[in-house]
Amino acid sequence: MEQFILEVESVAKSYDTGAGKLQVLRDVSMKVCRGDWCCIFGASGSGKTTLLNILGTLERPDSGTVRIDGQDVSGFSRREAARFRGKRIGFVFQAYHLLPELTVIENVAVAAGAAGLADGGVRERAAKLLDKMGLSSRLDHLPSQLSGGEQQRVAIARALINNPDIILADEPTGNLDSSTGEGILDLLTSLRTERPGLTIVMITHNRDLASRADRLVELSDGKVAVSQSRAQA
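Cut-offs used in this document
Residues numbered from 1 in each chain as written. Predicted model: local features only at pLDDT ≥ 70, side-chain atom pairs only at ≥ 80, totals over all residues. Heavy atoms only, no water. Helix = DSSP H or I, 4+ residues; strand = E, 2+ residues; numbered from the N terminus. Rg over C-alpha atoms; globule rule 2.2 N^0.38 Å. Buried < 20%, exposed > 50% of the residue type's maximum accessible area, 1.4 Å probe, protein only. Contact = heavy atoms within 4.5 Å. Core = buried A, V, L, I, M, F, W, Y, C linked by side-chain atoms within 4.5 Å. Expected span 1.5 Å × (residues − 1). pLDDT = per-residue confidence, 0-100. Pairing = 2+ DSSP bridges.

Things to note about the overall build of the protein
A count of helical and extended segments in the protein gives seven helices and ten strands. Here the protein has a C-alpha radius of gyration of 18 Å; the compact-globule value for 233 residues is 17 Å, and the two agree. Along the first, second and third principal axes, the C-alpha set of the protein runs to 50 × 45 × 40 Å. In the protein, buried positions account for 48% of the 233 residues. Sequence-distant contacts, at least 24 apart, represent 70% of the contacts inside the protein between residues at least 6 apart.

In structure tokens form, the structure reads like this:
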């Protein structure tokens, strides 16, 4: 029996632009199995990032429900949402979002503190993660001293520091050349082997990247146009 870690039912989201209401998501429903790599694919403006933000409890839907591991998170308060995602969700962004004044190891360790999970062993955990990312010689460097690919590896280590159930990745290779981007995808693939049950949801506008996923959800004009597993493709 399939275990769904993410269940989205009839989610809608709009924004008031001042000139009227902009409907971004319309009746979106999807399910993701535990341990799957799901790609949300679509053109710019299709609603991908808004959907990812809702999945990550960064935004609330206007209507519909989002369940993570059976728990309805769509109605969480800001405090409840922050506490939940700090423990259960890791984020990887296209622009890395590393703190420029902190060293590599501090950027990773600070995520544990922000989630209230810091302890005496957090720096050691951060160092081990960075070693797996091939960055053991860069621990005391600042982000400005790293290449784009190295910065993204730091961001992935930061996303993993709290041992999340779900990684949400927003165009994680979008700022990288094709070779470096391929290395990041290989790294994400290897993480699933090392951490059975880790679920990855990645948004992209690149169909070739999307073809590597276990499940493809394609958005068009805020609606699900295609939802299929690799076996169905």
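A short note on the nonpolar core
General note: in soluble globular proteins, nonpolar side chains tend to be found buried as a group. Counting 41 residues, the largest nonpolar core has Trp37, Leu130, Met133, Val154, Ile156, Leu160 and Ile161 as its most contacted members. Elements with a contribution of two residues or more to this core: strand 3 (37-41), helix 3 (104-114), helix 4 (122-132), helix 5 (148-160), strand 7 (166-170), helix 6 (178-194), strand 8 (199-204) and helix 7 (207-210). When neighbours within four sequence positions are excluded, isoleucine 156 is seen to be in contact with Val92, Met133, Ile184, Leu187, Leu188 and Leu191. Leu51, Leu52, Leu168 and Val201 belong to the second largest nonpolar core, which has 29 residues in total.

Topic: helix 5
If you check helix 5, its first and last C-alpha atoms are 19 Å apart, about what 13 residues at 1.5 Å a residue would give, namely 18 Å. Among the 13 residues that make up helix 5, eleven are buried, leaving the element largely enclosed by the rest of the structure. For helix 5, every residue scored as buried is listed here: Gly149, Glu150, Gln151, Gln152, Val154, Ala155, Ile156, Ala157, Arg158, Ala159 and Leu160.

A short note on the confidence of the model for the protein
Confidence along the protein averages 90 in pLDDT terms, with 94% of residues attaining 70 or more. Within the protein, the element-level pLDDT minimum falls on helix 7, averaging 78, and the maximum on strand 4 (residues 63-68), averaging 97.

Things to note about the sheet that holds strand 2 (residues 21-33)
Strand order in the open sheet formed by four strands is 2-1-4-5, with antiparallel pairing between adjacent strands. The open sheet is flanked by strand 2 and strand 5 (71-72), the only strands paired with a single partner. Pairing geometry for strand 1 (residues 4-16) and strand 2, over nine bridges, is antiparallel. Bridge pairing in strand 2 links glutamate 7 to lysine 31.

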